[in-house]
Each structure stands twice: as C-alpha cells, then as structure tokens.
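# Working through the structure, step by step
Below, each chain spelled out in residue letters.
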Amino acid sequence: MLDDFARSIDVRALSTDQFLRVLETLHMLDTAGAGVSLSSLSTEVLAGIVARATKDQIRGIARHPELRAVFLDEIFRRMSDHFLPAKAKHLSIVVGWRFPDGADDFDRFQTVIEEGECVSSADCSRTPDTTITVAAEDFIRMATGNVAVATMFVTGKVKVRGEYAPAVRFSSYFDIPKP
C-alpha cells in the first residue's frame, strides 16, 4: 500500500522543502506507531524515489538530521538482504563507513563480511580493514543504484583509507537495486 502511494508521488513536482515535509510526515507517522514507515517501502520503490528526486532534494535528506539518520539506517539495515554470498564466500573484511555531518564529525557505520554473511550496523566495535568516507547524499545515490560507483571513485567523491582493493570491489558483493 505504501509502495503504491510512494510510486504515485511526482517528487520532481515538489520543492525540496515539500519533499522533505512528505518524508518528515512519513517518519512522524512511524515514530507515532501509526503503522506507516519508510522501512515498509520495498527497496525498489525506495531506489525509485531517490532516482526521481533532484540533487537538491537528496542533499536536503543528507542535511536533515532525522531523515539523514533514517535513510542511512535503512540502507545499512537492507544491506544483508542484497548481499550476494557466492561472490564473497572467501572474503573476510571489516569496512568502516564515515559520512561527514558538516560539524567536524561523522556518522559512522560498519559492515562486516565473513563466512559468507554480511552484517551492517552503527556498532563500530571492530577494527576496520578499510574505511570509506563519502558524503551521505552521494552514498544514498550509490546505494540505491542511482550513480555509478566507479564514477564516484574516479571523481574522488569516495575516499579510502586502508586496503583499497576491497573498497573498490565492495559494490560487486551486492545486488544493488535498479531504479
């Protein structure tokens, strides 16, 4: 039902403020326990929303403290659902993620791939083999298949500290949605 509603919204007809208000309303309904939440959107619909949104609208999500957290949490929550274990069956890696928040700090997450499983969370208790720093708006677009990951590396929008090769290959371990 929420997927149908989300598909029907012409996000390009909305200003950035209106777009953010729609997302804020959905988030407020979720926190109020009204049975409506962004987490109930299918991955394809969520990726489609990002695909139809303008760069300013995605930047608005990234700059909005609550919506930024909701989108990052949602992407990392869904990561294991899109993991391709056969492509990473011999891999053992801890990837640290850093998203600059504009206040000389970072939102941080960690993805651990080992023994054919993938677990991602805000729990950053493991020492990363590689740390990826990327703007939240660019990550949202990459994770939803709305920008080529290779392009982000080539243009320097993705910074890597530690082992570079696993960072470059990381997206190949996932079935990234096609908007």
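Before reading further, recall that the structure is shown in the block above.
One numbering rule holds for all chains: residues counted from 1, following each sequence as written. Two thresholds apply to this predicted model, a pLDDT of at least 70 for residue-level local features and 80 or more for giving and counting side-chain atom pairs, whereas whole-chain, interface and lining totals are computed over all residues. By convention in this description, side-chain values take in all heavy atoms of the structure and omit both hydrogens and water.

Before going further, it helps to spend a moment on the overall build of the protein. A tally of helices and strands in the protein yields eight helices and five strands. Helix numbering and strand numbering both begin at the N terminus, where a helix is a DSSP run of H or I of at least 4 residues and a strand a DSSP run of E of at least 2. N-terminal to C-terminal, the α/β element order of the protein is α-α-α-α-α-β-β-β-β-α-α-β-α. Structurally, the protein occupies a C-alpha span of about 45 × 30 × 30 Å along its principal axes. We call a residue buried when its accessible area falls under 20% of the maximum for its residue type, exposed when it is over 50%, and partly exposed in between, using a 1.4 Å probe and counting protein chains only. Relative to its full complement of 179 residues, the protein shows a buried share of 45%. With residues, only the protein chains shown are counted as cover, and all accessible areas are computed by Shrake-Rupley using a 1.4 Å probe. Surface accessibility of the protein: about 9,400 Å² in total, with carbon and sulfur atoms responsible for 52%.

With that settled, the discussion passes to helix 5 (residues 65-79). With 15 residues, helix 5 extends 21 Å from end C-alpha to end C-alpha; this agrees with the ideal 21 Å at 1.5 Å per step. Listed as buried for helix 5 are Leu 67, Arg 68, Val 70, Phe 71, Leu 72, Glu 74, Ile 75, Phe 76, Arg 78 and Met 79. Every helix has an expected span of 1.5 Å times one less than the residues it contains.

A separate point is the nonpolar core. The biggest cluster of nonpolar side chains holds 51 residues, and the ones touching the most others in it are Ile 61, Trp 97, Phe 99, Ile 113, Phe 139 and Phe 174. When residues in this core are grouped by element, the largest group, seven residues, is from helix 5. Discounting chain neighbours no more than four positions away, the residues touching Phe 139 are Leu 72, Ile 75, Phe 76, Met 79, Trp 97, Phe 99 and Val 134. Residues belong to a common nonpolar core when they are buried Ala, Val, Leu, Ile, Met, Phe, Trp, Tyr or Cys residues joined through side-chain atoms within 4.5 Å. Note on contacts: a residue pair is in contact if any heavy atoms of the two residues lie within 4.5 Å.

So, about helix 3 (residues 43-52). With respect to burial, helix 3 is a largely interior element, seven of its ten residues being buried. For helix 3, the set of buried residues is Thr 43, Val 45, Leu 46, Ala 47, Gly 48, Ile 49 and Val 50. Structurally, helix 3 contributes buried residues whose contacts are with helix 1 (2-8), helix 2 (16-31), helix 4 (55-63), helix 5 and helix 6 (136-143).

Most of strand 4 (residues 130-134) is tucked away: five of the five residues are buried. The sheet contact formed by strand 1 (residues 93-100) and strand 4 spans four bridges and is parallel. Paired with Gly 96 across the bridge in strand 4 is Thr 131. A pair of strands is considered paired only if DSSP assigns at least 2 bridges between the two. Sheet topology places strand 4 next to strand 5 (residues 158-162); five bridges connect them, and they run antiparallel.

This paragraph deals with the packing of helix 4 against helix 6. Axis lines are fitted through C-alpha atoms, for helices just across the contact stretch, and the angle between N-to-C directions can take any value from 0 to 180 degrees. Where helix 4 contacts helix 6, the two axes come as close as 8 Å, and the packing angle between them is 115°. The pairing of helix 4 with helix 6 is recorded here as roughly perpendicular in orientation. Helix-helix and strand crossings are classified by hand; for helix 4 and helix 6 the assignment is right-handed. Contact residues: Lys 55, Ile 58, Arg 59, Ile 61 and Ala 62 in helix 4; Ala 136, Glu 137, Ile 140 and Arg 141 in helix 6. Under this grouping Gly is polar, as are all residues other than the nonpolar Ala, Val, Leu, Ile, Met, Phe, Trp, Tyr, Cys and Pro and the charged Asp, Glu, Lys and Arg. A per-class count over the contact of helix 4 with helix 6 returns five nonpolar, no polar and four charged. For classification purposes, an angle smaller than 35 degrees is called roughly parallel, one larger than 145 roughly antiparallel, one from 65 to 115 roughly perpendicular, and anything else oblique. Crossings are classed by handedness, with left-handed meaning an anticlockwise turn of the near helix from the far one by less than a right angle and right-handed meaning a clockwise turn.

With that out of the way, let us pick up the packing of helix 3 against helix 5. Between helix 3 and helix 5, the shortest axis-to-axis distance is 12 Å and the interhelical angle comes to 140°. When the axis of helix 3 is compared with that of helix 5, the two are oblique. For helix 3 against helix 5, the interelement crossing comes out left-handed. Facing Thr 43, Leu 46 and Val 50 of helix 3, the residues of helix 5 in contact are Phe 71, Glu 74 and Arg 78. A breakdown of the residues in the contact of helix 3 with helix 5 according to their chemical character gives three nonpolar, one polar and two charged.

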